[in-house]
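# A structural walkthrough
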Amino acid sequence: MTKQEYLEKVALANRYSIAYYVNDEPLVPDAEYDRLFHELLDYEVAHPQDLAQDSPTIRVGGKVRAGFEEVAHKVPLLSLGDIFNQEELENFSQKITDEEGYSEVEYCAEVKLDGLAVSIIYENGLLVRAATRGDGKVGENITENIKTIKSIPLRLIGEHIPSYLDVRGEVFMPRDGFNAWNEKARKIGGKVFANPRNAAAGSLRQLDSAITAKRPLTFNAYYIGECQGQSLPDTQYERLVWLKKLGIPINPLTKIVKGLKGLEDFYKDIAQKRDSLNYDIDGVVLKVNEIAVQERMGFTSRVPRWAVAYKFPPQEEITKLLDVEFQVGRTGAVTPVAKLEPVYVGGATISSATLHNADEIERLDLCYGDYVTIRRAGDVIPQVVGVVQEKRLKDAKKVVFPTKCPVCGSDIERLEGEVVSYCTGGLYCKAQLKRSLEHFVSRDAMDIENLGGAIVDALVASGKVTAISDLYLLSLEDLATLPLEGQTLSGKTRLLGSVVAKKILNNINNSRKIDFNRFIYALGIPSVGQATALLLARKFAGLKELMQATKDDLMSIPDIGPKSAQEILDFFKEPHNKEIIDRLVLKPEEYILGQGLTLMPLKAQASDTLGALPLEGRTYVLTGTLSSMDRSLAKEHLVSLGAKVSGSVSKKTYAVIAGEAAGSKLAKANELGVQVLSEDDFLALLQEYGILSN
Ligand code: 5U1
């Protein structure tokens, strides 16, 4: 490759990158971009002297600095005045109406991203410097870190390249990236961030830009600090569109609105969308659209008079930690759960929040009675993000992860390299037994109705059930005379009674004939969810074959890696598990009243077509309510056709199946341009592949 060809390829790669990150319209498949990227890398290794300053390969970072040097902003980075309610909005609008002399003033309405304000300087199209806001006059030079953010162009595109451009905007971490980052960090004991804003700030302040490069950051521009060598459009909105044409990302929710009503509607609309967005926002920014009007209105000492930030109620609140419960799950995993003084945050009242594991308790340095910051954003479960140290009582007692199971007293163990701690009591531990039973009888497993949590608790407490197979030994009398703990009738403990007992017994008996995949799922093998159970049922003719499978046999199934394969092998090796399976299926006559379980082979047997299923490689997302079937059945059908079913929508989603009252996932699909199937489309798909009859 000649140098000229190399430079053309750099420009091509940058065009692809802008199409992908800024315009959401990829020009080539990811693999093609990767190929080009590696071609550039190969050339640069052979010709280091030719390395282009805008080559996408420099985004991996690697320059390590001793500290950040200070940069004086030529034009100060402003902040905005805040308002919090309708009355203040009316005052803002009235002031502008009075000054302009008419009420239908045009505004550019934007979301207020919860990230970090930065200034990025381009000279003759090339990104030359970037700085944090700092105190508005002097910030820190973070050029190398900014260059690692893939959505920020290293060179501007188009015909109207200014000789000098100072772009202002927000660097932020999208929620999906933040959640994935924290989930991984919790698993491997890495750095967990309190919220996406802290994550963005911490990532930008890395002295080694290679670390920043690994963080999922992105950027949206919202203002031009200075421009030379090109004339700018006359409105804020058109200026943003102009930036986008240069390859700089702007926020897609930006809109022109008119008058007070337009401002109110925009605020309401964005407040309603807030949870479904893939990034945190803390309000909306309302700017007079005409630059001439902005210039006429000018600034107060600190903030523009023509713009305001209308803030949303907070998604973080402070409340008191009342207690910590250590809950034992089906597999013995011990999870600490914070019990909190109820607090209204992010649209719901929260009284408990997971503390994940022992490391998290250490990280938070948690004491009983502490005041803690709770965060609830979007659909994410509430998190304890930090402790308010100033409010800690002098003699506060530290929260310590127990060494003995709070339910059965067995040792709690934590394997090396793992973050999860386990109770070693196995099914001797009543908590584990209860959770196993609840899972076994659940709708997607054996589907034994009326056997809710309280009855399971009572069966275990009374000693009538000491293993899942004992369910099939229960007589009508056993059930009818079951004392329901905590429920009294005329001062006496209430018994279950024969009406409910008959129903339950009937449901237990009906479950003796069960789909093979449901039974596999019901066993509660670690890492075997519904989808994996279905794949196992499709691969193996029966239970004996499954139990005799080798690791290689298991790993030949898509989705099953070495870790899951080992867990399946370990499960079937365990003598207690073998005994349960004997009792239930293989030698029931020795143990069980009446007949044992009959495992039904899969309806759509497709083992010979494994690897060539019609929907293989496609990921679907189910949202809303389907009238023809419940979601778990819809999922089973999709998985049986080779599809993956995911809980969240991304660019990689093949299609979203939207039922009645679909909400945020449907909105996200529309935002990303992912195809949406109605329930009828979905039924037609199932008919096409013979799952449903026409
Ligand atoms: N969306 C948006 N956020 N934000 C923050 N626009 C915007 N504008 C700002 C700031 C500080 O300042 C300009 C009005 C100069």
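These numbers come from a predicted model, not from an experiment. (Residues numbered from 1 in each chain as written. Predicted model: local features only at pLDDT ≥ 70, side-chain atom pairs only at ≥ 80, totals over all residues. Heavy atoms only, no water.)

## So, the environment of G262
What counts is decided by this rule: For helices the rule is a DSSP run of H or I covering at least 4 residues; for strands it is a run of E covering at least 2, with both sets numbered from the N terminus onward.
Tracing the backbone shows G262 in helix 9 (residues 259-273). In sequence terms G262 and G425 are 163 residues apart; their C-alpha atoms lie 62 Å from each other.

## Some remarks on empty space enclosed by the protein
Operational definition: Using only the protein atoms, space was sampled on a 1 Å grid; points where a 1.4 Å probe fits but cannot get out form cavities, open sets with protein on both sides within 12 Å along at least five of seven lines form pockets, and lining residues are those with an atom within 4 Å of a point. Grid points are joined across faces, edges and corners, and a volume is the space filled by probe spheres set on the points. Lys, Arg, Asp and Glu make up the charged group, whereas Ala, Val, Leu, Ile, Met, Phe, Trp, Tyr, Cys and Pro make up the nonpolar group; the residues left over, Gly among them, are polar. Each domain's extent was defined by an automatic or database domain assignment.
Using the criterion set out here, one finds 2 cavities of 30 Å³ or more in the structure. Of the pockets and cavities examined, the largest cavity occupies roughly 60 Å³. In terms of residue class, the lining of the largest cavity is built from 6 nonpolar, 3 polar and 3 charged. Residues from two domains meet in the lining of the largest cavity; each of domain 1 (3-58) and domain 2 (75-311) gives at least three. For the second largest cavity, the calculated volume is near 40 Å³. Mapped onto the lining of the second largest cavity, the elements with two or more residues apiece are helix 16 (516-522) and helix 17 (530-539). Per element, the largest residue contribution to the lining of the second largest cavity is 3 residues, and it comes from helix 16. Of the residues belonging to the lining of the second largest cavity, the class tally is 2 nonpolar, 2 polar and 3 charged.

## Overview of the environment of I188
As for its position among the elements, I188 is in helix 5 (residues 175-188). Taking the C-alpha atoms as reference, I188 lies 7.2 Å from E418; in sequence the two are 230 residues apart.

## Focus: the sheet that holds strand 5 (residues 126-132)
Note on sheets: strands pair through backbone hydrogen bonds, and any given pair is parallel or antiparallel. Note the following rule: A pair of strands is considered paired only if DSSP assigns at least 2 bridges between the two. Lines fitted to C-alpha atoms define the axes, with helix axes restricted to the stretch in contact, and inter-axis angles between N-to-C directions lie between 0 and 180 degrees. By the convention used here, residues are in contact when the closest approach between their heavy atoms is within 4.5 Å.
The 4 strands are arranged 5-4-7-8 in an open sheet whose pairing can be described as antiparallel. Both edges of this open sheet fall to strand 5 and strand 8 (218-228), since each of them pairs with a single strand only. Across this sheet, the average inter-strand angle for adjacent strands is 25°, counted without regard to direction. Sheet topology places strand 4 (residues 116-123) next to strand 5; 6 bridges connect them, and they run antiparallel. Paired with I120 across the two strands is A130, which belongs to strand 5. Taken strand by strand, helix 6 (residues 196-204) contacts strand 4 and strand 7 (164-172), and its axis lies near 45° from that of strand 4. Of the strands in this sheet, strand 7 and strand 8 touch helix 8 (residues 236-245), which is tilted by about 110° from strand 8.

## Some remarks on the packing of aromatic side chains
What describes a pair of aromatic rings is the distance from one ring centre to the other and the angle between the planes of the rings. Definition in use: Between rings of Phe, Tyr and Trp, where Trp is taken as its six-membered ring, a pair exists when centres lie within 6.5 Å; planes separated by under 30 degrees are stacked, by over 60 edge-to-face, and by other angles tilted. For every residue, the accessible area (1.4 Å probe, protein chains only) is compared with the maximum for its type, and the residue is labelled buried under 20%, exposed over 50%, or partly exposed between those bounds. Criterion for a charge above a ring: Arg CZ or Lys NZ at most 6 Å from the ring centre, at most 35 degrees from the ring normal.
According to the stated counting rule, one finds 13 aromatic pairs in the structure shown. With centroids separated by 4.5 Å and ring planes inclined at 20°, the aromatic side chains of Y6 and Y43 adopt a geometry described as stacked. In this pair, Y6 sits in helix 1 (residues 3-21) while Y43 sits in helix 2 (residues 30-46), placing the two residues 37 residues apart along the sequence. Of the residues examined, Y43 reaches a relative accessible area of 6% and is grouped as buried. Plain terms: the ring middles of F326 and F401 are 5.2 Å apart, the flat faces sit at 80° to each other, and that makes the pair edge-to-face. You can see F326 sitting in strand 12 (residues 316-328) and its partner F401 sitting in the loop between strand 16 (383-387) and strand 17 (412-413), a full 75 residues away along the chain. By the burial criterion, F326 is buried, and F401 matches it. It is K74 that lies over the ring of Y164; its NZ or CZ is 4.0 Å from the centre. Cation over ring: K651 sits above Y20, and NZ or CZ is 4.3 Å from the ring centre.

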